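# Examination of the molecular architecture
One letter stands for each residue in the lines below.
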Amino acid sequence: MSTMTFAPSRRDLALLRAVAAGRAELVCGCQPDLLIEGRWCCDQPAAHQLAAAGLLSPAIPAPVGSRVPAVLTETGHAVLVESPCRLSAESRPLGSRASRADEPRNGEVRP
């Protein structure tokens, strides 16, 4: 899959950022499973899609079932660079800190 046709979701980008930051591991196999900070990724189908698209891979060759660091491929780096995840105030989840920072607290009145 080329970077031109791959439209990553925000979750895909978050997974790629975790891999780029060195916080991810793969359990080697035909569809490698992803761990982030030692915990199983909640969206293994997304992880499988990223691996199948050639965006991430094991850092070293290893036997099936081995747990090894995950790294971005050149294509993965390109997708991450070409698709910055910039959240506007309108697109932030309602519970995010950034969207709540502007809300009045405890009956506070703001001009």
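Nothing here was measured: the structure is a model prediction, and the numbers come from that model. (Residues numbered from 1 in each chain as written. Predicted model: local features only at pLDDT ≥ 70, side-chain atom pairs only at ≥ 80, totals over all residues. Heavy atoms only, no water.)

Of the strand pairs in this sheet, strand β1 (residues 24-27) and strand β2 (residues 33-36) are connected by four bridges, and their pairing is antiparallel. Its bridge partner being in β2, A24 is matched across the sheet by I36. Counting the residues in the hairpin turn of β1 and β2 gives five residues. Of the strand pairs in this sheet, β1 and strand β5 (residues 67-72) are connected by three bridges, and their pairing is antiparallel. Considered in β5, the bridge of E25 is made with P69. (Pairing = 2+ DSSP bridges. Helix = DSSP H or I, 4+ residues; strand = E, 2+ residues; numbered from the N terminus.)

Within the fold, A53 resides in the loop between α2 (44-52) and β4 (56-58). A53 sits in the buried class, given a relative accessible area of 10%. (Buried < 20%, exposed > 50% of the residue type's maximum accessible area, 1.4 Å probe, protein only.)

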